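# Notes for the structure review
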Amino acid sequence: MTEPSDNRPCHVSVMPAEIVHWVSECSPNVVVDGTYGAGGHSRLLLDVVGEGGLVIGLDRDPAVLARVESEPAVDRLSVFLGSYEKTAAALQASGLEYADAMVLDLGLSSDQLADRDRGFSFQHDGPLDLRFDPENGIPASEWLARNGEKAIADAIYQFGEERFSRRIAREIVARAKRREPVRTVAELVEICRRCVPRGKHHDIHPATRTFQALRIAVNEELDILSRTLQQAPEWLSSGGRIAVISFHSLEDRIVKNAFRDDDRWNVLTKKPLRPSEEEVAENARARSAKLRVAERI
């Protein structure tokens, strides 16, 4: 895994061939890559928009923009710091009213996972931060300190689907009462190890679901996704397409319902598309990916 001091991105974009296929079918001139990350999808989309086109990238992570600014400029590519919820502002800054396609690759990138200062990986100790943008919002450790047992348990259960959320929340609050608040990755991992029994329903690391839940809560991921999908038809030209890759059931359910319940969308993928066996063999991160595509009516 790449160390955070190495500026080279280690993230590999998921389902690239499928993204190119579904986006290119609408012959776009302007494409928004709302989760720019390492720029994998954007590089492919530059070929899709052609010589007269433009790819607009957005990312919440200041480290992404810093890396882009340190690299040679890429013709027909503009990258902005901010959530994909800020697409309208990025279009306006580019002198545009609409895009012809939008791509969202949700969740956590491998580069963020490799950064030990963020606390995304429970394999390495460090501050329990979990923010995509460490310059805004509050770290997960502070979020835990500000919330009571019920709110913590509800978040871990709702966003992580962790059956033992109440045990975990009880122990987190008990530590705080002993003036030993959870501040590091190792401290939260140890709580999860004690509270989550290993068994047929927990074949993953006992901290996986809790870390996912806190990351979603701290970054307001599901709220931002819901608001974005509600506004996205206003950002796309008629016949424009949106392609969303999700990695867990909560995200996928939001995407599915947003496409189904909004009559401005024509759903092009009745069931989510999955990566090929070959891609999963080469990129383990792809194994839980689901792609849904809709067209602006």
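Throughout what follows, the structure given in this document is the object of discussion. Remember, it's a predicted structure, so these values are computed and weren't measured experimentally. (Residues numbered from 1 in each chain as written. Predicted model: local features only at pLDDT ≥ 70, side-chain atom pairs only at ≥ 80, totals over all residues. Heavy atoms only, no water.)

## Comments concerning the overall build of the protein chain
Within the protein chain one finds 13 helices and 7 strands. Compactness check: the protein chain gives a C-alpha radius of gyration of 20 Å against a globular reference of 19 Å for 297 residues, within 12% of the reference. Projected onto the principal axes, the alpha-carbon positions of the protein chain cover approximately 60 × 40 × 35 Å. Scored against the burial criterion, the 297 residues of the protein chain give a buried share of 52%. (Helix = DSSP H or I, 4+ residues; strand = E, 2+ residues; numbered from the N terminus. Rg over C-alpha atoms; globule rule 2.2 N^0.38 Å. Buried < 20%, exposed > 50% of the residue type's maximum accessible area, 1.4 Å probe, protein only.)

## Regarding the pairing of strand β5 (residues 236-246)
Regular strands have side chains that alternate between both faces of the sheet. Summarising burial for β5: 9 of the 11 residues are buried, a large majority. Sheet analysis places strand β4 (residues 99-105) next to β5, joined by 6 bridges and oriented parallel. Bridge assignment links V103 to a residue of β5, and that residue is A243. Two elements, β5 and strand β7 (residues 290-296), share 6 bridges in a ladder whose sense is antiparallel. In the strand pairing of β7, R241 is matched with E295. (Pairing = 2+ DSSP bridges.)

## Remarks on the sheet that holds strand β2 (residues 54-59)
Read across the open sheet, the 7 strands follow the order β3-β2-β1-β4-β5-β7-β6; overall the sheet is mixed. Both outer strands of the open sheet, β3 (77-81) and β6 (265-267), are each paired with one neighbouring strand and no more. Each adjacent strand pair in this sheet contributes to an overall mean axis angle of 20°, direction not counted. Relative to β3, β2 runs parallel, the two sharing 5 bridges. Bridged to L58 within β3 is F80. Against the sheet, helix α12 (residues 249-261) touches β5, β6 and β7, its axis set at about 20° to β7. (Axes fitted to C-alpha atoms, helices over the stretch in contact; angles between N-to-C directions. Contact = heavy atoms within 4.5 Å.)

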